[in-house]
Amino acid sequence: MACYAVKPAWSTEAIGPTPSDSAVVETQRFATPTTLDRIGRIVIPVRINGQGPFRFVVDTGASSSTLSPGLVRSLGLSSETKILLNGITGTAEVPAVGVQRLQAGDLIISDSLFPVVWAPLMAGADGILGLAGVKSPNLLVDFDRNQVQLAGRSLHWRTDLTRIHAIRLFGGLLAFKARVGRVPVNAVIDTGAERTLGNLALRDALNARAGMGRLVKTNVYGATNEVVIGEIQQAPTIVIDTLRITDTEVVYGNFHIFNTWGLEEAPALILGMDVLGTVGTLSVDFEHQEVVIARSGGGGAGDMVRSVGGAAGRMTH
């Protein structure tokens, strides 16, 4: 479970969506790109026990799908048991409900228990669709055309693509072999994370090589009640194969999820939607462990993507 929220420690703003005139527009968005003032997200229509569709956040860093309390009530489901939920900041025992059939595109999950998690974390969505460890179908996200699909095909119709081979980590997570500055890292692809996170091993390795500079304290909230103090800092260039990710702020901290994934000892990174949401199209081929990226507007990934500055990054060839 990798969805989380982050805010400065001195902020008094409540976590959760702020009502606005754009609320109706938001419900029509599935592939929301990251912009200067907003972190993007990926949402897909999901049917539960033949009812719906409902809006679920797509989370490639979560091994289990989750339902909001409101959706559980509307479906008339009752809690059958409690299960242990691992989140960014800690663990918690949460209610779980049995679902006969969950369908999202070509993905079907039958007769499974799903945890019920804190609704505000979902920012108005009905649930979270966990894709860590799946082998098929492929995830296809087109931010330019507002399209999200789980289907048995990839972006082969595009000729302007950058393809990067991924590796499998704990629980089937997809990750890249990457570098942050001169520090080698495993970089997990996590569409459920708002921001890019680094573990303490990465922070310390960067500090030992070049000095970290100014760190800003922040509170990080996850699916549990635990809050972790993180430190935000501008990262050196992140190198993944032929891609260069610049102007990225990373939140460093002692996050529980790195321990769960066995990534606490060596430098590691979670690539969140502040970076992933700046591309034009994103395809994840789970079976062949390949991630395909194209820049916004139909050009090649070599001169991608849009610069969103500040909290988000810029990818270049």
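Residues numbered from 1 in each chain as written. Predicted model: local features only at pLDDT ≥ 70, side-chain atom pairs only at ≥ 80, totals over all residues. Heavy atoms only, no water.

A. Inspection of the sheet that holds strand β10 (residues 138–142) at higher detail. Here 5 strands make up an open sheet; going across it, the order is β11-β10-β23-β24-β12 and the pairing antiparallel. Single-partner strands in this sheet number two, and they are β11 (147–151) and β12 (162–165). Recorded for the sheet is a direction-independent mean angle of 10° between the axes of neighbouring strands. Taken together, the 5 bridges between β10 and β11 define a ladder with antiparallel strand orientation. (Pairing = 2+ DSSP bridges. Helix = DSSP H or I, 4+ residues; strand = E, 2+ residues; numbered from the N terminus. Axes fitted to C-alpha atoms, helices over the stretch in contact; angles between N-to-C directions.)

B. A look at the packing of aromatic side chains. In this structure the tally under the stated criterion is 1 aromatic pair. Here the guanidinium or amino end of Arg55 rests over the ring plane of Phe30, the centre of that ring lying 5.1 Å away. (Phe/Tyr/Trp six-rings, centres within 6.5 Å; stacked < 30°, edge-to-face > 60°. Lys NZ or Arg CZ within 6 Å of the ring centre and 35° of its normal.)

C. Here's a closer look at the nonpolar core. Among the nonpolar cores identified, the biggest contains 58 residues, and Phe56, Leu129, Leu131, Leu139 and Phe176 are the most heavily contacted of them. Those residues in contact with Leu131 that sit more than four places away from it in its chain are Val58, Asp59, Thr60, Ala62, Leu107, Leu139, Leu150 and Phe286. Formed by 18 residues, the second largest nonpolar core is a distinct cluster that contains Ala132, Val188, Val220 and Phe258. (Core = buried A, V, L, I, M, F, W, Y, C linked by side-chain atoms within 4.5 Å. Buried < 20%, exposed > 50% of the residue type's maximum accessible area, 1.4 Å probe, protein only. Contact = heavy atoms within 4.5 Å.)

D. Summary view of the side chain of Asp142. Within the secondary structure, Asp142 sits in strand β10. Residue Asp142 is classed as buried on the basis of its relative accessible area, which comes to 6%. In terms of polar contacts, Asp142 uses its side chain to reach the backbone amide nitrogen of Asp144, at 3.0 Å. Among the polar contacts listed, one links the side chain of Asp142 to the side chain of Arg145, at a separation of 3.0 Å. Contacts of Asp142, omitting those with residues within four sequence positions, involve Ala31, Gln147, Gly280 and Thr281. (Polar contact = N/O pair within 3.5 Å; in protein donor to acceptor, adjacent residues only side chain to side chain.)

E. Up close: the pairing of strand β23 (residues 281–285). Burial within β23 is extensive, with 5 of its 5 residues counted as buried. Of the strand pairs in this sheet, β10 and β23 are connected by 4 bridges, and their pairing is antiparallel. Bridging across to β23, Val141 finds its partner in Leu282. Bridge count for β23 against strand β24 (residues 290–294) is 5 bridges, and the pairing is antiparallel. Among the inter-strand pairings, Leu282 is bridged to a residue of β24, identified as Ile293. Joining the antiparallel neighbours β23 and β24 is a turn of 4 residues, in which Gln289 adopts a positive phi near 55°.

F. Looking closely at the environment of Pro33. When you line up the elements, Pro33 lands in the loop between β2 (31–32) and β3 (41–48). Its relative accessible area of 18% is what places Pro33 among the buried residues. Distance in space between the C-alpha atoms of Pro33 and Asp142 is 9.3 Å, their sequence separation being 109 residues.

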